[in-house]
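Next come the chains, spelled out residue by residue.
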Amino acid sequence: MLPPVFGVVFDGLAYGMLLFLLSVGQSVTLGMMNFINLAHCSFAMLGGYVTTSLMSRYGVPFFATLPCAFIAAAATSVVFERTLFHRLYRASELDQVLLTIGIVFISVAVAAYVFGTDQQPLQLPAYLRSSLTFMGIRFEVYRLILIGLALLITFVLVLGLEYTRFGARVRAAVDNQRMARGLGIDVDRTFAVTFALGSGLAGLGGALAVEIIGLDPSFALTYLIYVLIVVSVGGLGSIAGSFAAAIVLGKYYIPQLGAFLIYLVMISLLMWRPLGLLGRR
């Protein structure tokens with residue numbers, strides 16, 4: 001029989017993986033593109049509403065809604081990126097913050113108007129609400145799936161962004177757009193695809209988060225802080241760093257104490273390593 005502390009560790013790990021799934025897209029846009037996108041959780045909220053709407057109104061199976069949440073968030077983000085965000089890639093951080101935080105408040109108002117202010121219902125299939133018992137400790141199936149998805153996404157992103165030509169093109173376009181264009185890189189298309197990837201991952205994370213943390217119009221503001229904490233503690237430009245940060249912060253999530261311990265851990269880690277756990281700059 002395992003001691004009860006293993007159950008607490010498992011819940012903390014699952015919560016950490018949820019934070020990672022919500023924040024990994026921000027690691028892509030902020031860490032690789034140097035663009036401060038405070039509207040990141042608005043795309044996550046969109047993914048959550050897509051999932052709940054498809055399930056409650058049209059009876060679409062849960063796993064079938066996840067690609068829809070990814071595509072909806074990615075497609076919407078491309079529209080914003082091509083019309084608004086790309087104009088501020090070379091602007092100051094303050095300009096980027098003001099624009100994107102404005103979009104957050106607009107998204108909150110639109111969500112409240114369209115869906116109301118109540119929590120959105122989400123009825124998962126029975127097999128996802130079940131649990132497995134191992135040596136006296138109960139492990140919820142849904143949380144096991146969250147952990148598995150987080151591991152898979154980490155592997156794919158690290159492989160795709162660090163060891164492929166696409167990742168090299170993104171870094172080259174960020175470092176020197178003029179030189180990248182001279183080498184034949186389509187900078188506009190590269191940025192659009194990268195932004196769509198980051199926002200699509202946000203939509204996927206938002207869809208997966210509904211079951212555990214719920215969904216209402218305040219989602220885009222409430223969890224923005226946690227996303228920024230994970231990215232800053234993990235280190236800009238590091239997917240693996242965000243993964244490690246999410247594990248560390250999730251381990252200290254205790255609902256009875258609110259966010260106090262998470263903030264304390266964040267401050268301590270950043271005082272020890274100002275660039276984050278695996279930060280490069």
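Residues numbered from 1 in each chain as written. Predicted model: local features only at pLDDT ≥ 70, side-chain atom pairs only at ≥ 80, totals over all residues. Heavy atoms only, no water.

Caption draft 1: Spatial organisation of the packing of helix 3 (residues 62-83) against helix 8 (residues 187-213). Remark: helix 3 packs on helix 8, axes separated minimally by 7 Å, with the N-to-C direction vectors making an angle of 140°. By the angle between their axes, helix 3 is oblique relative to helix 8. The crossing of helix 3 and helix 8 is right-handed. In terms of residue class, the contact of helix 3 with helix 8 is made up of 16 nonpolar, four polar and three charged. (Axes fitted to C-alpha atoms, helices over the stretch in contact; angles between N-to-C directions. Helix = DSSP H or I, 4+ residues; strand = E, 2+ residues; numbered from the N terminus. Parallel < 35°, antiparallel > 145°, perpendicular 65-115°, else oblique. Left-handed = near helix turned anticlockwise from the far one by under 90°. Nonpolar A, V, L, I, M, F, W, Y, C, P; charged D, E, K, R; others polar.)

Caption draft 2: Geometry of the environment of E211. By the element assignment, E211 lies in helix 8. Setting aside residues no more than four positions away along its own chain, E211 makes contact with L122, L124 and Y142. (Contact = heavy atoms within 4.5 Å.)

Caption draft 3: Summary view of helix 8. For helix 8, spanning 27 residues, the distance from its first C-alpha to its last is 37 Å, which sits close to the expected 39 Å at 1.5 Å a residue. Of all the bends found along helix 8, the most pronounced is centred on A207 and spans about 25°. Extensive coverage of helix 8 is indicated by the burial of 21 of its 27 residues. The positive-phi residue at the C-terminal boundary of helix 8 is G214, with phi of around 80°. (Expected span 1.5 Å × (residues − 1). Bend = angle between axes of the 7 residues up to and from the residue. Buried < 20%, exposed > 50% of the residue type's maximum accessible area, 1.4 Å probe, protein only.)

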